[in-house]
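# Results of the structural survey
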Amino acid sequence: MAKIQPELQAIRDKYKDLDWDTPDDNGKSLEFKVLEHAQSTGIRNFTTAFKDFYHDELIKRAEAQAKQNVSKD
């Protein structure tokens, strides 16, 4: 775990608005779910696992941000 800690912290810093620690209805935090996804898919990189696991949500976030940027102009 110490090996991925800097990478994990970098992703947490980049996506500060995400709730990384609060467990969902199944008792799993976002961080745990990403680690679980990495293990089940054989992904050895936390950043890659996060992007793979959270891809659809990241697309939605980008679309919402683009709409906000357009409405500001």
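Provided above is the structure to which this section pertains.
So, a few notes on the structure that sits alongside this text. (Residues numbered from 1 in each chain as written. Predicted model: local features only at pLDDT ≥ 70, side-chain atom pairs only at ≥ 80, totals over all residues. Heavy atoms only, no water.)

## A few points about the pattern of salt bridges
By the definition in use, this model includes 5 salt bridges. Note that arginine 12 is salt-bridged to aspartate 21, the shortest N-O span being 2.5 Å. With a relative accessible area of 18%, arginine 12 lands in the buried category. Its salt-bridge partner being arginine 12, residue glutamate 31 comes within 2.6 Å of it at the nearest N-O pair. Pair noted here: glutamate 31 is in helix α2 (residues 30-41) and arginine 12 is in helix α1 (residues 5-14), with a separation of 19 residues, a long-range link. Here glutamate 31 matches arginine 12 in class, with each residue buried. Through salt bridges with shared partners, a single network forms among Arg12, Asp21 and Glu31. (Salt bridge = Lys/Arg side-chain N within 4 Å of Asp/Glu carboxyl O. Buried < 20%, exposed > 50% of the residue type's maximum accessible area, 1.4 Å probe, protein only. Helix = DSSP H or I, 4+ residues; strand = E, 2+ residues; numbered from the N terminus.)

## Concerning the environment of leucine 58
Among the structural elements, leucine 58 can be located in helix α4 (residues 55-72). Of the residues examined, leucine 58 reaches a relative accessible area of 16% and is grouped as buried. Setting aside residues up to four positions removed in sequence, leucine 58 forms contacts with Tyr15, Phe50 and Lys51. (Contact = heavy atoms within 4.5 Å.)

## Remarks on the nonpolar core
Ranked by internal contacts, the top residues of the largest apolar core, which has 14 residues, are Tyr15, Leu18, Trp20, Phe46 and Phe50. Elements supplying a minimum of two residues to this core: α1, α2 and α3 (46-53). Apart from the residues within four sequence positions on either side, phenylalanine 50 is in contact with Ile11, Tyr15, Leu18, Trp20, Val34, His55 and Leu58. (Core = buried A, V, L, I, M, F, W, Y, C linked by side-chain atoms within 4.5 Å.)

## Regarding the packing of α1 against α3
At their nearest, the axes of α1 and α3 sit 9 Å apart, and the two run at 40° to each other. Classified by the interaxial angle, the pair formed by α1 and α3 is oblique. Every residue of α3 that contacts α1 at Glu7, Leu8 and Ile11 is listed here: Phe46, Thr47 and Phe50. (Axes fitted to C-alpha atoms, helices over the stretch in contact; angles between N-to-C directions. Parallel < 35°, antiparallel > 145°, perpendicular 65-115°, else oblique.)

So yeah, pure geometry; function would need other evidence.
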